[in-house]
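Next come the chains, spelled out residue by residue.
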Amino acid sequence: MQPGQADVIRPASHHIASSQSIPAKRGFRTDIQGLRAVAVALVVIYHLWPNRLSGGYVGVDVFFVISGFLITSHLLDEVQRSGTVALATFWARRIRRLLPAALLVLAVALMATVVWAPDSLVAGVLRETSAAALYVVNWVLLFTSVDYLRGAGVESPVQHFWSLSVEEQFYFVWPMLIVGVLLVLRASARRRRVEIATRHRVASVFGMLALVFVASLLYSVILTAYSQPAAYFSTLTRTWEFAAGGLAAAAMVLWPRLESRQRTKLGSALAITAAWAGLIVIVWSAFALTDSSPFPGWVALAPVLGTVLVLIAGGVSGRLSSHNLLSVLPMQKIGDWSYSIYLWHWPLIFFVPFAFDTVLSAPAKVGIGLASVALAAATKWLVEDPVRRARGIRTWHAFIIALVGPAVIVASSFAVVAADQARYAATATWVEEQLSSGAECFGAKAMAPGADCGDPTAQSRDPDTRFAATDLDPEWCVADSDAELVSCQYGELQAPARTIALVGDSHAAALAPALQDAADDLGWRLVTYLRVGCPALSEEPIGLPGRADWEQQACADWSAEVQQALVSRDDIDTVVYSNFSSRYHDGLVPEQQRLSAQEIAATWTEVRESGKQIVLIRDVPDPQRINIPLCLSTTSDAAECATKRVQALPNDEALRAASQAEVPVVDLSELFCDEVLCHAVIGDVVVYADDNHISRTFARTLSSFVGAELGRVTAP
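Residues numbered from 1 in each chain as written. Predicted model: local features only at pLDDT ≥ 70, side-chain atom pairs only at ≥ 80, totals over all residues. Heavy atoms only, no water.

Student: Give me the sheet that holds strand E4 (residues 499–504): which residues, what numbers.
Tutor: Across the sheet, 6 strands lie side by side as E3-E5-E4-E6-E7-E9; this open sheet has mixed pairing. In this open sheet, the two edge strands, each paired with only one partner strand, are strand E3 (487–491) and strand E9 (665–666). In this sheet, strand E5 (residues 525–530) lies alongside E3 in antiparallel orientation, the contact comprising 5 bridges. Looking across to E5, one finds that Gly-491 is bridged to Arg-525. Strands in contact with helix H19 (residues 506–522) are E3, E4, E5, strand E6 (574–578) and strand E7 (613–617); relative to E5, the strand with the most contacts, it is inclined by about 170 degrees. (Pairing = 2+ DSSP bridges. Helix = DSSP H or I, 4+ residues; strand = E, 2+ residues; numbered from the N terminus. Contact = heavy atoms within 4.5 Å. Axes fitted to C-alpha atoms, helices over the stretch in contact; angles between N-to-C directions.)

Student: Residue-level account of the packing of helix H7 (residues 198–226) against helix H9 (residues 239–254), with values.
Tutor: The relative placement of two packed helices is expressed as an angle between their axes plus a distance between the axes. The contact between H7 and H9 brings their axes to 8 Å, and the two run at 155 degrees. Here H7 lies roughly antiparallel to H9, going by the angle between them. Crossing hand, H7 versus H9: left-handed. Side by side, H7 and H9 meet where Arg-199, Val-202, Ala-203, Phe-206, Leu-209, Ala-210, Val-212, Phe-213, Ser-216, Leu-217 and Ser-220 of the first sit next to Thr-239, Trp-240, Ala-243, Ala-244, Gly-246, Leu-247, Ala-250, Ala-251, Val-253 and Leu-254 of the second. Taken together, the residues that form the contact of H7 with H9 break down as 16 nonpolar, 4 polar and 1 charged. (Parallel < 35°, antiparallel > 145°, perpendicular 65-115°, else oblique. Left-handed = near helix turned anticlockwise from the far one by under 90°. Nonpolar A, V, L, I, M, F, W, Y, C, P; charged D, E, K, R; others polar.)

Student: I'd like a description of the packing of aromatic side chains, backed by residues and values.
Tutor: Aromatic ring pairs: the centre-centre distance and the angle between the two ring planes describe each pair. Applying the stated rule across the entire model yields 24 aromatic pairs. Judged by centre distance (6.2 Å) and plane angle (75 degrees), the ring pair of Tyr-57 and Tyr-232 falls under edge-to-face. Taken as a pair, Tyr-57 in the loop between helix H1 (30–48) and helix H2 (58–82) and Tyr-232 in helix H8 (residues 228–233) lie far apart in primary sequence, 175 residues in all. A relative accessible area of 5% places Tyr-57 in the buried class. Pairing Trp-430 with Phe-442 gives two aromatic rings, centres 5.5 Å apart and planes at 85 degrees, and the pair type is edge-to-face. Here the residue Trp-430 occupies a position in helix H17 (residues 395–437), and Phe-442 occupies one in the loop between H17 and helix H18 (465–468), the gap between them amounting to 12 residues. Through a chain of ring-to-ring contacts, three or more aromatic side chains come together here, namely Tyr-46, Tyr-57, Phe-64, Trp-162, Phe-170, Tyr-171, Trp-174, Tyr-232, Phe-233, Phe-242 and Phe-295. The ring of Tyr-171 carries Arg-94 above its face, with NZ or CZ at 5.1 Å from the centroid. (Phe/Tyr/Trp six-rings, centres within 6.5 Å; stacked < 30°, edge-to-face > 60°. Buried < 20%, exposed > 50% of the residue type's maximum accessible area, 1.4 Å probe, protein only. Lys NZ or Arg CZ within 6 Å of the ring centre and 35° of its normal.)

Such coordinate-based values are descriptive only and should not be taken to indicate function.
This is the structure:
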């Protein structure tokens, strides 16, 4: 490898004089360029047709291994030449290679967000755009991906920058680790007054890589079992994939016979077989894995080791070699443009439906794929290559680009958010005025029997979906899935007329503002026992889609603590339960792990025997995974975001348990639904803050009804 060529290894010739298999010379590896084409094709196809290529996300892992291999090869070449690594020069080269195209795509995504993105998404998109510009968006996604209270979450046009963030963090830390190893080796040699052989330097780096590989892989396995969404985005769970490529690169330096033996007839046959096996494993992984696979734990070893096989053995060319497939001109071009293809394809997938008000049909998806390639080619010719080859750009110029470019993106994002804050603040003020004045037709009151409000779903003003998308109580007293027992108190705390305990998951938490206001008005004390994704209705582990085994067991342990607390407390008069009931009887959960009516009734019986009344508040209508603020952002007719009553109000296990145990039910459904539909906007209030939690504003408009119903069903 020549100095300055960190992206590829350039060959003297690709000509094959005969059908005899010979190893390609150290230089440009056309098979690696072709492997990049395979990787980006897997990712793009997965994003366009996830049902057809359910594990295409492994293309990202292939990129990680290739990066580890090429960057480590470059760094080891420098170590062999000079005994160290010029960090500033290395980082400047990476900046010139990667940052211009990335900043271009981020700038275009930022402008497209202002023009086309629904209001409800703007704040989240701008937050992620700023994080992407700073190459930390993977950590933002890591923390938000496990936030159950946000619902299912909504994608952004820069979400794919998570992998680029991981790569940039790798580029920053990797050479420093190598320099650190060399400094330790040099200090040791100085004490012992011996010379350091080049081979010892490379061997030391190999040992460091092996330690990183093992530590990161073990952490990946553990965190994947503990929290798969968090593991997916973490840099620490992906480092072993870079290390795998680095180990392959170091091995080829330490044991040059790996290449020389490939010149023998047997060696070349084994290399050809290994390269094909690696390629087959990568493609097999893309078809065999799914979104539910425990990835990136042990499962990720398949595409990673497959890539390592291609890197070590794929340089052998010959009549039967995979080198022939990977080196054809279309594969070389796609591989050459792969970085920009990856950058452009996801913003196109995100914005096309909003820009053209259409769903992504098969022709539209093909068009997005072709447009991604065209934009990538233009970006390579007009942006990437000119900046990378410009002779007037010095090292310090590159660092200025790295500081100023992201700063402009971040500042622009904040400017857009600031401009939007005035409207948000005006809506918040208007909402508080309506609540404090007791407006007769505001929110749920418009659906009340006998209300003289005309059409309760008619809108006197356009819904502020930006406000609605964040309209959840910022101070919810809710335990996370890995937290200890949490309990809060509201209302009259000194001499309450009665004490009510609210028990349940985040649906109960979303309803809590209604009970808090009722407690304030009626002189009650409200005590809460709330936990994300945990109904406190069974002391046995119950299944929930997307939850790990430890989370199910933690829920069971928490439920037992809550049960003990409820039974032992003499000050509680009534225990009110409310939950995302249908979720715990989901068809995706094995039948033996579903929450049954018998378990619920048994839990209630034990609490009732301690002298307390039990009340069930029926779960709110389920909008069937329609993100209501997003839906309202894309239509002028709120009826298009409504849900059929028969679908939104299933007869779940909690209702069956109430019938069996003769537990009174507070059913608020008539304040959400008419005879046919359950509505998205009622009395000028957006009913839901996401795809299943009711908004704080709408919950507060329910308070008088909740208080009245609780008083009625618990009256002596």
